[in-house]
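Reading the structure
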Amino acid sequence: MWRLSNSELFVSQLNVFSGFQKSFEDADYVVLGVPFDVTSTYRTGARFGPTAIRQASLNIETFSFRSGVDVEDIGLHDLGDLHVSTDTKKTLEMLELAIKDIAKAGKIPVTIGGEHTITLGVVKGFGAKMHETAIVSFDAHLDLRGEFLGLKLSHTTFMRRINEEAKPAKIVEVGTRAVCKEELAYAKKAGIEFFTTQQIRKEGSRKIVEQLREKLAKCKSVYLSVDMDVLDPAFVPAAQNPEADGLDMGTFLDILESVCDKRVIGFDVLEVAPNFDQGVSAIQAAKVVFEVLTRLEKTRKA
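In what follows, the accompanying structure is described. (Residues numbered from 1 in each chain as written. Predicted model: local features only at pLDDT ≥ 70, side-chain atom pairs only at ≥ 80, totals over all residues. Heavy atoms only, no water.)

1. Here we look at the packing of aromatic side chains
According to the stated counting rule, one finds 4 aromatic pairs in the structure shown. Pairing phenylalanine 138 with phenylalanine 252 gives two aromatic rings, centres 5.5 Å apart and planes at 75 degrees, and the pair type is edge-to-face. Taken together, the positions of phenylalanine 138 in strand E6 (residues 133-138) and phenylalanine 252 in helix H9 (residues 249-258) put the pair 114 residues apart, joining distant regions of the chain. Since its relative accessible area comes to 0%, phenylalanine 138 is described here as buried. Given the relative accessible area of 0%, phenylalanine 252 is considered buried. (Phe/Tyr/Trp six-rings, centres within 6.5 Å; stacked < 30°, edge-to-face > 60°. Helix = DSSP H or I, 4+ residues; strand = E, 2+ residues; numbered from the N terminus. Buried < 20%, exposed > 50% of the residue type's maximum accessible area, 1.4 Å probe, protein only.)

Here is the structure:
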């Protein structure tokens, strides 16, 4: 008769996202932390985000009233953290390879970070599939600059690099309120659409959801990216690049969950620098991951 060893009985890795761990083989969703913030140009500390988000996930309840699903019942595996480099390009290349392995195994990657630049590495990991995939990015910023402070690859330019290099079927940004004229010109030229916070408040989340779904109707796959600065700093004081006049949590989740359907191939939740608050922002980020996971699970089993 096979028996557990004492170390298996009495010892475990505590800082595992949600605390409920399936084997990689049995999991449907795989969490990957990317502790990287090398190109951050204002506040830094998002490299501590993955650890803080995991800790927060262990201390909030796992049942979602929005979806009626409990995270405890989801096939979830925490792979750990990427071994990052101070070289941005190298880090993104390693991340691309890791995502390729996760996707090839038929799992949905859940990336926690970390600065928003890492989304470039994630989407490249899906290869040619991105050509039929829409990216929906929830972010205060468009991140479409050609370069910033001499860098062509950074958290301010990555969405432009995604459009140029990964060539997704569509890019739609939600919660926009901080841009420069260069970005607006590029968005118009490239056909990148966005919903501002002012538009969301004026029209209401229900109308925005209808419009968003219409824009995504012809896309075979969807990738979701969440920069926590999409929320007002009152809700996420530890965002690396906070911008006033943001969305509240309820409105944000109403819109986010509306695009959590069977087409979603992966998602990320990024840009929490936990050294700037007492844990509130990490809790919000963990809650976002929970709500996306439970909504995806509900639609997957429908």
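Having seen it, we continue.
2. Regarding the sheet that holds strand E1 (residues 29-34)
Whenever strands of a sheet pair, they do so through backbone hydrogen bonds, lying parallel or antiparallel. With respect to topology, 8 strands assemble into an open sheet ordered E4-E1-E5-E10-E9-E6-E7-E8, the strand pairing being parallel. In this open sheet, the two strands that pair with only one neighbour each are strand E4 (76-81) and strand E8 (193-196). For this sheet the average axis-to-axis angle between neighbouring strands, irrespective of direction, equals 15 degrees. Running over the sheet, helix H8 (residues 205-216) touches E6, strand E7 (170-176) and E8 and is turned about 170 degrees from E8. (Pairing = 2+ DSSP bridges. Axes fitted to C-alpha atoms, helices over the stretch in contact; angles between N-to-C directions. Contact = heavy atoms within 4.5 Å.)

3. A closer look at unusual backbone geometry
The step from glycine 113 to glycine 114 runs through a cis peptide bond, and the omega angle for that step is 25 degrees. If you check the backbone angles, lysine 167 has positive phi at about 50 degrees while not being a glycine. Tracing the backbone shows lysine 167 in the loop between helix H5 (158-166) and E7. The backbone of aspartate 245 sits at a positive phi, close to 70 degrees, despite the residue not being glycine. Within the secondary structure, aspartate 245 sits in the loop between strand E9 (221-227) and H9.

4. Some details on the side chain of threonine 119
Checked against the element boundaries, threonine 119 lands in helix H4 (residues 118-124). Contacts of threonine 119, omitting those with residues within four sequence positions, involve Phe158, Ile162, Tyr223, Ser225, Asp268 and Leu270.

5. What to know about the environment of alanine 128
With respect to the secondary-structure elements, alanine 128 resides in the loop between H4 and E6. Separated by 38 residues in sequence, alanine 128 and alanine 166 have C-alpha atoms that sit 8.0 Å apart.

6. Here we look at helix H2 (residues 49-57)
Taking burial as the measure, the 9 residues of H2 include 7 buried ones, the bulk of the element. Buried within H2 are the following residues: Gly49, Pro50, Ala52, Ile53, Arg54, Ala56 and Ser57. On its buried side, H2 packs onto E1, E4, strand E5 (108-113), strand E10 (264-270) and helix H10 (280-301).

7. Observations concerning the pattern of salt bridges
As enumerated under the stated definition, the model contains 20 salt bridges in all. The partner of arginine 47 in a salt bridge is aspartate 37, with the nearest N and O atoms 2.9 Å apart. Taken as a pair, arginine 47 in the loop between E1 and H2 and aspartate 37 in the loop between E1 and H2 lie far apart in primary sequence, 10 residues in all. Using a relative accessible area of 37% as the deciding quantity, one classes arginine 47 as partly exposed. The class for aspartate 37 is buried, based on a relative accessible area of 7%. (Salt bridge = Lys/Arg side-chain N within 4 Å of Asp/Glu carboxyl O.)

8. What about the pairing of E5?
Burial within E5 is extensive, with 6 of its 6 residues counted as buried. The side-chain alternation of E5 yields two buried faces, one formed by Ile108, Val110 and Ile112 and the other by Pro109, Thr111 and Gly113. With 3 bridges joining them, E5 and E10 adopt parallel strand pairing. Counterpart to isoleucine 112 in the pairing with E10 is valine 269.

9. Overview of H9
Most of H9 is tucked away, with 7 of its 10 residues classed as buried. Among all positions of H9, only Met249, Thr251, Phe252, Leu253, Ile255, Leu256 and Ser258 are buried. Lining the buried residues of H9 we find E6, E7, helix H7 (197-203), H8, E9 and H10. Here H9 starts with a cap whose side-chain oxygen sits 3.1 Å from the backbone nitrogen of glycine 250, and that cap is aspartate 248. (Polar contact = N/O pair within 3.5 Å; in protein donor to acceptor, adjacent residues only side chain to side chain.)

10. Structural notes on the nonpolar core
Ranked by size, the top nonpolar core spans 54 residues in total, and within it Phe138, Phe252 and Val288 carry the most contacts. No other element matches H10, which puts 9 residues into this core. Excluding its chain neighbours within four sequence positions, the residues that come into contact with phenylalanine 252 are Phe138, Val226, Val230, Leu231, Leu247 and Val288. Counting residues in each nonpolar core, the second largest holds 30 residues, with Val30, Ile99, Met159 and Ala166 among its members. (Core = buried A, V, L, I, M, F, W, Y, C linked by side-chain atoms within 4.5 Å.)

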